[in-house]
Amino acid sequence: MQVSDNLRQQSDQLDALLARCECLVTAEAMQTAYARLAGEINQRLAGHLPVVLAVMNGGLISAGQLLPRLAFPLELSYLHATRYRGATTGGALKWLAQPDIELAGREVLLVDDILDEGTTLAAVREWCIDAGAARVWIAVATDKQHDRKVPGLTADFCGVSVPDRYIFGEGMDYHGYFRNLPGIHVLPEGE
Ligand SMILES: O=P(O)(O)OC[C@H]1O[C@H](OP(=O)(O)OP(=O)(O)O)[C@H](O)[C@@H]1O
Ligand code: HPA
């Protein structure tokens, strides 16, 4: 099948943009971070039969990296709550899918790619508590450093701290693209 000129041009533009971007955290450093994160989760949650919820879409990669490293029985599901929707600043949170596992009395581990302002994870945590979760834990691949966080919201398990810039890769997108990139990348200043 022929790729349209328009798609080919967009693909070339994304390649050109990526070539100008800086890699903040290498793929190797992320593998080290996932391994440490999984070790911490193993220590805290082994024996608790937690429900692990991947926060889609971004949490897909973090969950995929962490789950094979978790060495205890757990149940897995997902939810989709989004507020950036392809943009680089967040708006209102929209639920697209709710978890299909009964959470009453369960320990729940939310897995996401980034804790930025915390609006998403605060709302998801609240939803889980309303659904009867006994305790909600938060694991994120990255935690952005700034003072705009939802008060009281912190990650229990964090891979790497990142500066206050729009980042992508390891599940995080730039206008819907680059989630599949290993490592954490940042746009050139001012773009
Ligand atoms: O801490 P916050 O400021 O709320 O931002 C973090 C959230 O933003 C991203 O999701 P997004 O809304 O982009 O949805 P997506 O994962 O489907 O792209 C990311 O995956 C987190 O869930
Ligand atoms: O810096 C970011 N990059 C990608 N997705 C995000 N969602 C919240 N913050 C970010």
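As a reminder, the structure under discussion sits directly above these lines.
Just so it is clear, the model here is predicted, and its values are computed rather than measured. Sequence order as written defines the numbering, with residues in each chain counted from 1. As a convention, the first chain written is A and the first ligand written is 1, with the rest following in written order. Where local features are concerned, this predicted model is filtered to residues with pLDDT of at least 70; where side-chain atom pairs are given and counted, the filter is 80 or more; whole-chain, interface and lining totals use all residues.

A. Focus on the overall build of the chain. Secondary structure elements are defined from DSSP: runs of H or I of at least 4 residues count as helices, runs of E of at least 2 residues count as strands, and each element is numbered from the N terminus. Summing up its helical and strand segments, the chain has four helices and nine strands in all. The linear arrangement of helices and strands in the chain, starting from the amino end, is α-β-α-β-α-β-β-β-α-β-β-β-β. Our radius of gyration looks at C-alpha atoms and nothing else; its globule reference is 2.2 Å times the residue count to the power 0.38. Taken over the C-alpha trace, the chain has a radius of gyration of 17 Å; the compact-globule value for 191 residues is 16 Å, and the two agree within 12%. Partly exposed residues are those whose C-beta has more than 12 but fewer than 20 other C-beta atoms within 10 Å; with 20 or more the residue is buried, with 12 or fewer it is exposed, and the C-beta atoms are placed from the backbone. The buried share among the 191 residues of the chain stands at 32%. A separation of at least 24 residues holds for 68% of the contacts in the chain among residues at least 6 apart in sequence. We call two residues in contact when their backbone-placed C-beta atoms lie within 7 Å.

B. Geometry of the sheet that holds strand β4 (residues 94-97). Whether two strands pair comes down to DSSP finding at least two bridges between them. Here six strands make up an open sheet; going across it, the order is β4-β3-β2-β5-β6-β7 and the pairing mixed. Because the sheet does not close on itself, it has two edges, and the strands there are β4 and β7 (157-162). The average angle at which neighbouring strand axes cross in this sheet is 25°, direction not considered. Two elements, strand β2 (residues 51-56) and strand β5 (residues 107-115), share four bridges in a ladder whose sense is parallel. Looking at β5, one finds that valine 52 is bridged to leucine 109. The convention used is that axes are lines fitted to C-alpha atoms, helices contributing only their stretch in contact, and that angles between N-to-C directions extend from 0 to 180 degrees. The strands touched by helix α4 (residues 119-130) within the sheet are β2, β3 (75-82), β5 and β6 (135-144), with β5 carrying the most contacts at an inclination of about 170°.

C. Structural context of the site of ligand 1. Neighbouring ligand 1 are 18 residues, the closest being Gly58, Thr82, Tyr84, Asp116 and Thr120. The set of elements that each furnish at least two residues to the shell around ligand 1 consists of β2, β5 and α4. A total of four residues in the shell around ligand 1 trace back to one element, the largest contributor, which is β5. Basically, the charged four are Asp, Glu, Lys and Arg, the nonpolar ten are Ala, Val, Leu, Ile, Met, Phe, Trp, Tyr, Cys and Pro, and anything else, Gly included, counts as polar. Its residues assigned to classes, the shell around ligand 1 comprises five nonpolar, seven polar and six charged. To decide nearness, the C-beta atom of each residue is placed from the backbone, and the residue is near a molecule or strand if that atom lies within 6 Å of it.

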